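This is what each chain is made of:
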Amino acid sequence: MFGRKKSVLPDPSLFPKHIAVIMDGNGRWATRRALPRSAGHSAGSENFRKISRYCRDIGIERLTVYAFSTENFKRPADEVEALMALMSRYLDEAIADLAHENVRLGFIGQREGLSAELLEKMDRVGDISKGCDGISVNIALNYGGRDELVSAARSLAKKAASGELDPEDITEDTLSSELFTAGQHDPDLVIRTGAEKRLSNFLLWQSAYAELYFTDTLWPDFSTGELDRAIAWFSTRKRRFGDVK
Ligand code: IPE
Ligand code: IPE
Ligand code: MG
């Protein structure tokens, strides 16, 4: 089509298998438009739909998005409520559309602290989308990396105390298998929108060797074109994992 920009995407063999995104900047996006913060969260939620479909279409295997951290419960009650209501609405849509969208959707994070209604929808979505093989999406909801590691430590300690596990047999693999992401490939590329250069307790263990892409773009404005550029940048990285090759 005339005027259409050429994609900057590299050869698919160079794509990250697993992209993780810290979707930050919704509040600032709204404030700049003199809108309530909740309007920024709605716009952010729309953008998540767009980006997740795009990742599926170009062949990304897994996408993990940070939707709500354990620490986000510190926010004013009305903002927390607005975020939970948005998630609930998204799940209603997902229950109707997911199988046909061919998206496998799962959640990482603590169930404790979430409402029974939301948990029930999360479980239904998980069941419905189990057989989909288009892309696997993890939504990190009530997720904190330290909290996840504490739970893993507690679980291993219980197994050791009961004699089920010899502490000497604890390896990186045993610990990984206690995380919410058990059995999943670690993120290769972590993207943070919204200008901050920090992890804010996201996938602390899993991101040990991830490439980190930080952008000033606020999450509701993060486009598929910018995702292409992030993937292109990723494809030029030399990942040594401590080696000298
Ligand atoms: C990210 O946007 C969404 C959540 C943390 C739930 P923010 O709400 O943190 O937006 P800013 O950082 O205040 O702009
Ligand atoms: C990280 O953003 C959490 C999510 C995007 C869900 P925050 O806005 O909560 O992070 P901080 O507080 O700036 O570190
Ligand atoms: Mg923020």
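Keep in mind the model is a prediction, meaning the values are calculated, not measured. (Residues numbered from 1 in each chain as written. Chains lettered and ligands numbered in written order. Predicted model: local features only at pLDDT ≥ 70, side-chain atom pairs only at ≥ 80, totals over all residues. Heavy atoms only, no water.)

(A) Representation of the overall build of the protein. For the protein, the helix and strand inventory stands at 7 helices and 6 strands. Taken over the C-alpha trace, the protein has a radius of gyration of 19 Å; the compact-globule value for 245 residues is 18 Å, and the two agree within 12%. Buried residues in the protein amount to 45% of all 245 residues. A total accessible area of about 13,200 Å² is found for the protein, and carbon and sulfur atoms account for 51% of it. (Helix = DSSP H or I, 4+ residues; strand = E, 2+ residues; numbered from the N terminus. Rg over C-alpha atoms; globule rule 2.2 N^0.38 Å. Buried < 20%, exposed > 50% of the residue type's maximum accessible area, 1.4 Å probe, protein only. Areas by Shrake-Rupley, 256 points an atom, 1.4 Å probe, with all protein chains shown as cover.)

(B) Up close: unusual backbone geometry. Of note, N102 is a non-glycine position whose phi angle comes to about 60°, a positive value. With respect to the secondary-structure elements, N102 resides in the loop between α3 (77-101) and β3 (103-108). Of note, F241 is a non-glycine position whose phi angle comes to about 50°, a positive value. Along the chain, F241 falls in the segment after α7 (224-235).

(C) Spotlight on the nonpolar core. If you look at the biggest cluster of nonpolar residues, it comprises 42 residues, and the most contacted ones within it are I19, F48, L63, I139, I191 and L227. If you tally residues by element for this core, the top one is α3, at 9 residues. Formed by 10 residues, the second largest nonpolar core is a distinct cluster that contains Y66, A140, F202 and L203. (Core = buried A, V, L, I, M, F, W, Y, C linked by side-chain atoms within 4.5 Å.)

(D) Structural view of the sheet that holds strand β5 (residues 189-192). Strand order in this open sheet of 6 strands is β3-β4-β2-β1-β5-β6, and the pairing throughout is parallel. Either end of the sheet is taken by a strand with one partner, and the two such strands are β3 and β6 (211-214). The mean angle between the axes of side-by-side strands here comes to 20°, regardless of whether they run parallel or antiparallel. Pairing geometry for strand β1 (residues 18-22) and β5, over 4 bridges, is parallel. Each residue of the ladder has a partner; that of A20, found in β5, is V190. Docked against the sheet, helix α2 (residues 37-58) engages β2 (62-69), β3 and β4 (135-143), running at close to 145° with respect to β4. Together, β3 and β4 form the strand contacts of helix α4 (residues 116-128), whose direction differs from that of β3 by roughly 140°. (Pairing = 2+ DSSP bridges. Axes fitted to C-alpha atoms, helices over the stretch in contact; angles between N-to-C directions. Contact = heavy atoms within 4.5 Å.)

(E) Summary view of the site of ligand 2. In the neighbourhood of ligand 2, the contacting residues comprise I22, M23, D24, Y66, A67, F68, N72, R75, R192, R198 and S200. Protein coverage of the free-state accessible area of ligand 2, which is 390 Å², stands at 78%. For the shell around ligand 2, the element with the highest residue contribution is β2, accounting for 3 residues. Looking at the shell around ligand 2 residue by residue, the class counts come to 5 nonpolar, 2 polar and 4 charged. (Near = heavy atom within 4 Å. Nonpolar A, V, L, I, M, F, W, Y, C, P; charged D, E, K, R; others polar.)

(F) Examining α7 more closely. The end-to-end C-alpha distance of α7 is 16 Å, a good match for the 16 Å that 12 residues give at a rise of 1.5 Å each. Along α7, the residues that are buried comprise E226, L227, D228, A230, I231, A232 and F234. Looking at the buried residues of α7, the elements they touch are β1, α2, β5 and β6. (Expected span 1.5 Å × (residues − 1).)

(G) Highlighting empty space enclosed by the protein. Applying the stated criterion across every chain yields a total of 2 cavities of 30 Å³ or more. Its boundaries defined by the atoms lining it, the largest cavity holds a volume of some 160 Å³. Taken together, F48, R49, S52, R53, Y90, E93, A94, D97, L98, E101, V103 and V137 form the lining of the largest cavity. Breaking the lining of the largest cavity down by element, the ones donating at least two residues are α2 and α3. (1 Å grid on protein atoms, 1.4 Å probe; cavity = no way out; pocket = protein on both sides within 12 Å on 5 of 7 lines; lining within 4 Å. Points joined across faces, edges and corners; volume = space filled by probe spheres on them.)

(H) Structural view of the state of the cysteines. Tallying each qualifying case throughout the model produces 0 disulfides. The thiol of C55 is unpaired, and the distance to the nearest cysteine sulfur, on C132, comes to 16 Å. When its relative accessible area of 9% is taken as the criterion, C132 is described as buried. (Disulfide = S-S within 2.5 Å.)

(I) Local environment of the site of ligand 1. The local shell around ligand 1 holds 13 residues, among which D24, G27, R28, R37 and R75 are the closest. Between ligand 1 and N26 there is a distance of 3.2 Å, counted from an oxygen atom to a backbone nitrogen or oxygen. Between an oxygen atom of ligand 1 and a side-chain N or O atom of R28, the distance comes to 2.7 Å. Protein contacts shield 87% of the accessible area of ligand 1, which totals 370 Å² for the unbound molecule. When atoms are counted within 2 Å of each cavity's grid points, the one that captures over half of ligand 1 is the largest pocket. Here the residues of the shell around ligand 1 sort into 3 nonpolar, 5 polar and 5 charged. (Polar contact = N/O pair within 3.5 Å; in protein donor to acceptor, adjacent residues only side chain to side chain. Sits in = over half its atoms within 2 Å of the grid points.)

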